[in-house]
Amino acid sequence: MERSSVRQSLVGVFQPFCKNRSRDPIALHGVHVMSEARAIGSVMPTNRMLKFTAFLFGAVAYFTFLFTILYAVGFVSDLVVPKAIDTGANSPVFEAITVNLALLSLIAIQHGVMAHKGLKPWWTQFIPKPFEHSTYVLFASLTLLLLFWQWRPIPAVVWQTEEPEMAATMAILSFVGWVIVFTSTVVSNHLFGLHQVTNRLTGRQVPPPTLPTPLLYNIARHPIYLGFIIAFWAAPTMSVGHLLFAAVTTAYIFIGILLDERPRRRA
C-alpha cells in the first residue's frame, strides 16, 4: 500500500510537467526564432537580387549617357558622327525651327518634371528607390538621342572664321569646354547614377549630395554649365541651326542656375 501511494504521489507531481511540455516558453521562443530566421533568410536573397538588378540598370543608364555625351561632342562640332547639327535632309525654315524648338522643349520638360522637387514625388512612387537616379539619367539620354536623330539642320551661315589659326583656336576652345564638362563630372563624383547603385550593391551608405569645392569649383560655381556654354558657342562656323541650339540651351542653363540658387539664397 505504501509503495502504491508513493507511486501515485510521484505521478501526481510530474504529470503537469508532462502535459505542458509542448507549451514550454523556451520551446515556443525557439519556434519564434526559427520562423524569424526563415523569414530573414527568404528576404536576403530578394534584397541582393534587387541591389544587383539596380546595379545592372544603373550601369546601362550610365553607359547610355556616356555614349550620348560623346555623340553630343561630335554632333555640336560636326566630327565623326553620321548625323551632326548641320547635316541631314533640308526642311523649310519654319518647319525646322518648329521641330527643333519642340525637341529642345522636350528636354526641358523631361528635366523639369523628373528633377523638380514638387513633381519628383509623383513619378518616384512608381520607381523603386535604388532605380530613381538611373531612371532619370536614362530618360535624359533618350531625349537627347531623339534630338540628335530628329534635329533639322538650318545651314544658313551666321559667321564663319576665315583665318585657319583663328578657326583652329575656336575649335580647341570648344574642345576645352567639353574637357571642363567631363572633368567637373568626375571631380564632383556625379557619375550619373553609377556611384549610387555601386554603393548600394556593396552595402555602403550613399552619402548625401554636397557642393564640391576642388579644382574648377574654386573658380566657377557651376563649371559643368560653363563647359557646356563654351563648347556650344566656340564654333568656327556658326549656322542658324547651331545658333538656335546654343541660344536655347544657354537660356535653359541660366534658368536652371536661377532655380538652383533660389533655395540657397532663402537659406
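Residues numbered from 1 in each chain as written. Predicted model: local features only at pLDDT ≥ 70, side-chain atom pairs only at ≥ 80, totals over all residues. Heavy atoms only, no water.

## Points about the overall build of the protein
Move 1: Looking only at helices and strands, the protein has nine helices and two strands in total.
Move 2: For the protein, the α and β elements follow one another from N to C terminus as α-α-α-α-α-β-α-α-α-β-α.
Move 3: The proportion of buried residues among the 267 residues of the protein is 32%.
Move 4: Contacts in the protein between residues at least 24 apart in sequence constitute 77% of all its contacts with a sequence separation of at least 6. (Helix = DSSP H or I, 4+ residues; strand = E, 2+ residues; numbered from the N terminus. Buried < 20%, exposed > 50% of the residue type's maximum accessible area, 1.4 Å probe, protein only. Contact = heavy atoms within 4.5 Å.)

## A look at the packing of aromatic side chains
Move 1: Enumeration over the complete set of coordinates arrives at 11 aromatic pairs.
Move 2: Taking the centre distance of 5.8 Å and the plane angle of 90° together, the rings of Trp178 and Phe228 count as edge-to-face. Here Trp178, found in helix 6 (residues 164-187), pairs with Phe228, found in helix 8 (residues 223-233); they are 50 residues apart in sequence, far enough to count as distant.
Move 3: These aromatic residues form a ring-pair network of at least three members: Phe67, Tyr71, Phe75, Phe148, Trp151, Trp178, Phe228, Phe232 and Phe245. (Phe/Tyr/Trp six-rings, centres within 6.5 Å; stacked < 30°, edge-to-face > 60°.)

## A few points about the environment of Ile85
Move 1: As for its position among the elements, Ile85 is in the loop between helix 2 (25-77) and helix 3 (93-115).
Move 2: Residue Ile85 is classed as buried on the basis of its relative accessible area of 0%.
Move 3: Remark: the alpha-carbon pair of Ile85 and Ser239, spanning 154 residues in sequence, is separated by 9.0 Å.
Move 4: Once residues lying within four places of it in the same chain are set aside, the contact partners of Ile85 are Phe75, Val76, Trp151, Pro153, Gly241, His242 and Phe245.

## Here we look at the confidence of the model for the protein
Atomic detail in the predicted coordinates should be set aside for any region of low pLDDT.
Move 1: For the protein, the mean per-residue pLDDT works out to 76, and 63% of the residues sit at or above 70.
Move 2: No element of the protein has a lower mean pLDDT than helix 1 (residues 2-19), at 50, and none a higher one than strand 2 (residues 237-239), at 95.
Move 3: Predicted confidence is poor over residues 17-31, with pLDDT under 50, and the contacts of this stretch with residues over four places away or in other chains come to two contacts.
Move 4: Under a pLDDT of 50 for its full length, residues 36-44 has, in the predicted model, zero contacts with residues more than four places off or in other chains. (pLDDT = per-residue confidence, 0-100.)

## What about the layout of surface pockets?
Move 1: The computed volume of the second largest pocket comes to approximately 250 Å³.
Move 2: Surrounding the second largest pocket, 16 residues form its lining, Val76, Ser77, Asp78, Ala235 and Pro236 being those nearest its centre.
Move 3: Secondary-structure elements contributing two or more residues to the lining of the second largest pocket are helix 2 and helix 6.
Move 4: The residue inventory of the lining of the second largest pocket, partitioned by class, reads 10 nonpolar, four polar and two charged. (1 Å grid on protein atoms, 1.4 Å probe; cavity = no way out; pocket = protein on both sides within 12 Å on 5 of 7 lines; lining within 4 Å. Points joined across faces, edges and corners; volume = space filled by probe spheres on them. Nonpolar A, V, L, I, M, F, W, Y, C, P; charged D, E, K, R; others polar.)

## What about the side chain of Ser141?
Move 1: With respect to the helices and strands, Ser141 occurs in helix 5 (residues 132-150).
Move 2: If near-sequence neighbours (up to four positions away) are discounted, Ser141 is found in contact with Ala61, Thr64, Phe65 and Thr68.

## A word on helix 5
Count 3.6 residues to each turn of an α-helix, and residues three or four apart come out pointing the same way.
Move 1: The end-to-end C-alpha separation of helix 5 is 27 Å, in line with the 27 Å expected for 19 residues at 1.5 Å each.
Move 2: Taken together, the buried positions of helix 5 are occupied by Glu132, Ser134, Thr135, Tyr136, Val137, Leu138, Ala140, Ser141, Thr143, Leu147 and Phe148. (Expected span 1.5 Å × (residues − 1).)

## A closer look at unusual backbone geometry
Move 1: A positive phi is found at Asp78, a non-glycine position, where the angle reads about 60°.
Move 2: Residue placement: Asp78 occurs in the loop between helix 2 and helix 3.

## Examining the side chain of Asn100
Move 1: Its place among the elements puts Asn100 in helix 3.
Move 2: Beyond its immediate sequence surroundings of up to four residues, Asn100 is in contact with Trp151, Arg152, Ile154 and Leu244.

## Some details on the environment of Arg152
Move 1: Tracing the backbone shows Arg152 in the loop between helix 5 and strand 1 (157-160).
Move 2: Arg152 sits 52 residues away from Asn100 along the chain, and the two C-alpha atoms are 6.4 Å apart.
Move 3: When near neighbours in sequence (up to four residues on either side) are disregarded, Arg152 contacts Ser91, Glu95, Ala96, Val99 and Asn100.
Move 4: One polar contact links the side chain of Arg152 to the main-chain carbonyl oxygen of Gln150, over a distance of 2.5 Å. (Polar contact = N/O pair within 3.5 Å; in protein donor to acceptor, adjacent residues only side chain to side chain.)

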